[in-house]
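What follows is each chain in one-letter form.
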Amino acid sequence: MNRPTTRLAAVNDFVVKFANVNGSGSASANGMFAKAILRMGVPVAARNIFPSNIQGLPTWYEVRVSEAGRLGRRGGVDLMVAMNPQTWDRDVAEVEPGGYLFYDCTKPLPAAKFRTDIETIGVPLTQICNGAYTEARQRQLFKNIIYVGALAWLIGIPPEVLEALVHEEFGAKPKLIQANLDALALGREAAASTLEPIGLRMRASDQVGDRIYVDGNNAAALGAVYGGATVCAWYPITPSTSLAEAFTAHCQKLRVDEETGEARFAIVQGEDEIASIGIVVGAGWNGARAFTCTSGPGISLMQEFVGLSYFAEIPAVIFDVQRGGPSTGMPTRTQQSDILLAAYASHGDTKHPLLFPEDPAECFEFAALAFDLADRLQTTIFVMLDLDIGMNEWLCRPFAWDDARRLDRGKVMTHAELEAGREFGRYLDVDGDGVAYRTLPGVHPGRGAYFTRGTSRDPYARYSEEGPVYVANMQRLLRKFETAKSLVPAPVIRPAKRRTPHGAIYFGSTTPAMHEALEALEGQGVHVDALRVRGFPFCGEVMAFIAAHETVFVIEQNRDAQLRTLVMVEGGVDPAKLEPVLGYDGSPITARFITDEILRRIRGHARTPVPQVAE
Amino acid sequence: MTYIAKPRLHHPLLAPNGLGFTRRDYEGKVSTLCAGCGHDSISAAIIQAAYDLDLPPHRLAKLSGIGCSSKTPDYFLGASHGFNSVHGRMPSVLTGANLANRDLIYLGVSGDGDSASIGLGQFAHSIRRGVNMTYIVENNGVYGLTKGQFSATSDPGSKSKRGVVNHDQSVDLVGLALQLGASFVARSFSGDKAQLVPLIQAALSHKGAAFIDVISPCVQFNNHLGSTKSFDYVREHNAAVNRLDIIEARDEITADYAPGEIEIVAQHDGSVLRLRKLAADYDPTDRVAALTQLQLHQARGEIITGLLFVDPDARDLHDNLGTVQKPLNQLEDRELIPGAAALAGINDSLR
């Protein structure tokens, strides 16, 4: 047992990382550990870093414990639970000086495998399991629960907190309850008999409040239910699959007729992403609220249909849970790298509204909003999640719904209006907002029918290949995009405490790390006004913010500074004014990285973007 | 390109159908296809079928992909909503439209390029899902709009207009439709309106995925000697296994037929298909036999036509999904939104 001269000491404020082998059953044990911290009233953020594989490859689970509610990735690890021999060396290297290394000491390891500046905590997990269990699978599964029991003792999670979670988890399977309680006790006793508590401590608090703990895909799926979506067509792709699965689960609970058992929804697993968006476009054309969920490779395949939705003006909603691409393109790692792909998707002159939720609470809100916007603007709305928001559970404010709220179906001309002789021109801009009235098939025996095409038609949907007719239509579509500026969520500004020439623009899952970075910068006397972009097209507020600062840092999780490009192109902003800060190694961006980059640029006047180095 | 509106005048003695519509009420714009194109005959057959069925035109939605055939929905049923979508993707758009409103009749019009090449996947999957639709392929074995390339339904050995011989095997959409579980499968010829019109009527009345492959010669690029999709070739090699005479439920069966000469099939919607047998041993309710007959005729160099298979009690996609009877696009807020109280419960479950 090595004991360094200085040990990290902290209460309710540290980072624990579990290094495991995937398929070993560690996920549920690690999840229980994170949830126990929540139950003690202490905010927590847990991030799963996993391979595109079912069994045998390395996987990590990083738990940020923060009484102060800093829930982005901090950077660095205070306590490493090293359960994977394959990644031992890099896992040990990642521990902060003075930090802790927890490992299975059944088999002795050479001294060279350890560091002298961190404390090593050995528990003979394999030996305990071999003594307590005969079946190989049991030895494997309960080893995870045993280390949770040991860790809980080491950092001060009371046994009853974990025991309550075991009862919740296995309520329907009493046999498993006792087995898990026994395993927790084995770990606790092993630690108590040979070890001492470490410097990282848990203390009960009341900082969680009424917040909920949920992943963004689940939240977005629920938002789709509340947004009135009835048709979902999708094709499996990590990291978006769980959104369609969650929508299915929510609908089965919330949208099945109690008397007849009939479904007030239709979910089709398409043969590919093209068919999925085709089904969405067909349903949208026919007046049902429809969506698909996918990731970058799927968006690539959907391009032609997205253009058709733009030109034929058909409502559609696409949830893009972003990752790296293509092929075996970091499929299980997070990125914000589809911004330009989505904004300008398809051929011809096209652009599409994008929504950027910061957390699962906004995933829910923006999902519901997206269906109103799609109907109101008669076009495709992209909701831009990423793997970090989509697949990790986040602590966020509870979902809220106003029962007085009505679905905004947009401009749909009714049977009564047609019957009364109201003029109908499918692409006629009667209100000056660029949005024309549509009719739904079957609406009226003699009026309102039209033939839907791409661009070759006039305001009355009659065939035309005339240049001026085409140009007039394209100009109207621009007017419609202008209308969208006032409909997408406005940005959120977080002013610095002092007047400053420095601004920062950020969006999506970067938010918690960004907020922590802003606090850290302020602590060092560096003041930065910050603006969180929540929607595209950018409204005047975004451009005014840029105009009001000398330098604006644009923080993104992609290589090419895609949001910066969008700001430059759409806002006519001088590129020299926009400093890219880019973290795109596939793991969520950290507060330390953002802080260091901004400090370096301000103090060192560096102009070159430096990528975040892989861990 | 369609920009010619038809004059609204029509003959005062044009007979109205049961709904009071005349045949003109089922027409569309003036066709801009080549004079003599087989596709125009199919459009005429669709108009006739809808008129004969007393179909309210606005209760039908017509969808297509891209190509000569996919232009035709503008030339019939002008009072119906239509959607000229993207190449090879009509089946998915139609599937979505059908999910949104199960109460309308869906007519998908496609071509051999649209369905057997770029859209083969969507063709297959819409059929295996049992989407309630009538799917017509206007099959001319050639790419017309791009001027004469072979399509995937060109038979091996057939010659292009420029004299090039096709060596690739052909895709037989009828065989695929049978294998994929289509519950109504027919083949016809654009030059045989008497056969085609009742088949379209029966397909429109059928619940489930109804597929009709209509050989429709391209007068411009595939009507020469050496083509197996020319008018002359199809006439000479057409082997009709049955004739569909009457399909309306209200008609009583009055004529006397010799035993074994007529097959009566009652469909789900109450319509009755009365099939006059031309091939004595052909049973159109036997999928396996239909596949065998298809292969036998093909081996003999014949083009089998007629109603090749029908399952009158087929399920459709909505049955499989268990969707509510009320169209999804007509559900009201209270039927869709679970409300704040339900959300409070969900919040509790996430703490």
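Q: Sorry if this is basic, but what is going on with the overall build of chain B here?
A: Within chain B one finds 12 helices and 13 strands. In summary, chain B has a C-alpha radius of gyration of 21 Å against a globular reference of 20 Å for 351 residues, a match within 12%. Its C-alpha atoms put chain B at 75 × 50 × 50 Å along the principal axes. Across chain B, contacts joining residues at least 24 apart in sequence account for 71% of those joining residues at least 6 apart.

Q: Is there a simple way to explain the environment of Lys326(B) in this structure?
A: Relative to the elements of secondary structure, Lys326(B) occurs in the loop between helix H10 (317-321) and helix H11 (333-336). Between the C-alpha atoms of Lys326(B) and Asp103(B), which are 223 residues apart in sequence, the distance is 8.2 Å.

Q: Which parts of the structure should I look at to understand the sheet that holds strand S18 (residues 492-494) of chain A?
A: Strands in a sheet are paired, the pairing made by backbone hydrogen bonds, and the direction either parallel or antiparallel. Residue and element names in this part refer to chain A. Taken in spatial order, the 5 strands make up an open sheet running S18-S20-S19-S22-S23, and their pairing is mixed. Whereas interior strands pair on both sides, the edge strands pair on one side only; in this sheet they are S18 and strand S23 (578-582). Across the sheet, the mean angle separating the axes of adjacent strands is 20 degrees when strand polarity is ignored. Relative to strand S22 (residues 551-556), strand S19 (residues 502-506) is paired through 4 bridges, and the arrangement is parallel.

Q: Teacher, can you tell me more about the domain arrangement of chain A here?
A: Interfaces are often sized by the amount of accessible area the parts lose when they come together. Per the domain assignment, the segments of chain A are domain 1 (10-201), domain 2 (213-396), domain 3 (411-489) and domain 4 (492-604). Placing the centre of domain 1 of chain A and that of domain 3 of chain A at their C-alpha centroids yields a distance of 60 Å.

Q: I tried to follow the sheet that holds strand S11 (residues 266-269) of chain A on my own but got confused; where do I start?
A: All names here are of chain A. Sheet architecture is open: 7 strands sit in the order S11-S10-S12-S13-S15-S14-S21, paired in mixed fashion. Only two strands of the sheet have a single neighbouring strand rather than two, namely S11 and strand S21 (535-536). Where strand S13 (residues 316-322) lies against strand S15 (residues 380-386), 7 bridges are found, and the strand directions are parallel. Bridged to Ala 316 within S15 is Thr 380. Helix-sheet contacts for helix H8 (residues 241-254) involve strand S10 (231-234), S11, strand S12 (290-294) and S13, and the interaxial angle to S10 is about 150 degrees.

Q: Would you take a moment to explain the nonpolar core for this structure?
A: One recurring pattern in soluble globular proteins: nonpolar side chains tend to sit buried together. One finds Val81(A), Ala220(A), Val231(A), Ala370(A), Val383(A) and Val185(B) to be the most contacted residues of the largest nonpolar core, which totals 280 residues. Val142(B), Tyr143(B), Phe150(B) and Cys218(B) belong to the second-largest nonpolar core, a separate cluster that totals 5 residues.

Q: Got a minute to help me understand the interface of chain B and chain A in this structure?
A: Taken together, the 51 residues of chain B in the interface contact 53 residues of chain A. Listing elements by their share of the side of chain B that touches chain A, those giving two or more residues are strand S2 (81-84), helix H3 (90-100), helix H5 (120-128), H11 and helix H12 (339-349) of chain B. Top element by residues in the side of chain B that touches chain A is H3(B). It accounts for 8 residues. For the side of chain B that touches chain A, the residue count by class is 25 nonpolar, 20 polar and 6 charged. One ladder, built from 2 bridges, connects strand S17 (residues 451-452) of chain A with S2(B); its direction is parallel. Looking across to S2(B), one finds that Thr452(A) is bridged to Phe83(B).

Cut-offs applied
Residues numbered from 1 in each chain as written. Chains lettered and ligands numbered in written order. Predicted model: local features only at pLDDT ≥ 70, side-chain atom pairs only at ≥ 80, totals over all residues. Helix = DSSP H or I, 4+ residues; strand = E, 2+ residues; numbered from the N terminus. Rg over C-alpha atoms; globule rule 2.2 N^0.38 Å. Contact = placed C-beta atoms within 7 Å. Pairing = 2+ DSSP bridges. Axes fitted to C-alpha atoms, helices over the stretch in contact; angles between N-to-C directions. Domains from an automatic or database assignment. Core = buried A, V, L, I, M, F, W, Y, C linked by C-beta atoms within 7 Å. Buried ≥ 20, exposed ≤ 12 C-beta atoms within 10 Å, placed from the backbone. Nonpolar A, V, L, I, M, F, W, Y, C, P; charged D, E, K, R; others polar.

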